Amino acid sequence: MTWQTAKSLTALGLVEYRDAAGVPKPTYRDTGVSGTVHYACRTDLRLQVAVLPAPPEH
């Protein structure tokens, strides 16, 4: 996932950044040298949205 996609999904609450121990962090913290330090992970909200039933057809 690109950082732009992760940033957009984070703004919607569907993804959160976590460190290697699974602790939530506010950003992905790319140092520019070592790359991403925190990784995008799905939130519970994302899982709830994924299982919503389709709206009835009219």
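All values derive from a computational prediction rather than experimental measurement.

**Some points on the overall build of the protein**
Link 1 in the chain: When its secondary structure is counted, the protein shows 2 helices and 3 strands.
Link 2 in the chain: Looking at the protein as a whole, 12% of its 58 residues are labelled buried.
Link 3 in the chain: Accessible surface for the protein amounts to roughly 4,700 Å². Of this, 59% is attributable to carbon and sulfur atoms.

**Concerning the sheet that holds strand 1 (residues 15-18)**
Link 1 in the chain: Read from one edge of the open sheet, 3 strands run 2-1-3, paired in antiparallel fashion. Of all strands in the sheet, those with a lone pairing partner are strand 2 (24-25) and strand 3 (39-42), marking the two edges.
Link 2 in the chain: The sheet contact formed by strand 1 and strand 2 spans 2 bridges and is antiparallel. Its bridge partner being in strand 2, Tyr17 is matched across the sheet by Lys25.

Reading the values: the criteria
Residues numbered from 1 in each chain as written. Predicted model: local features only at pLDDT ≥ 70, side-chain atom pairs only at ≥ 80, totals over all residues. Heavy atoms only, no water. Helix = DSSP H or I, 4+ residues; strand = E, 2+ residues; numbered from the N terminus. Buried < 20%, exposed > 50% of the residue type's maximum accessible area, 1.4 Å probe, protein only. Areas by Shrake-Rupley, 256 points an atom, 1.4 Å probe, with all protein chains shown as cover. Pairing = 2+ DSSP bridges.

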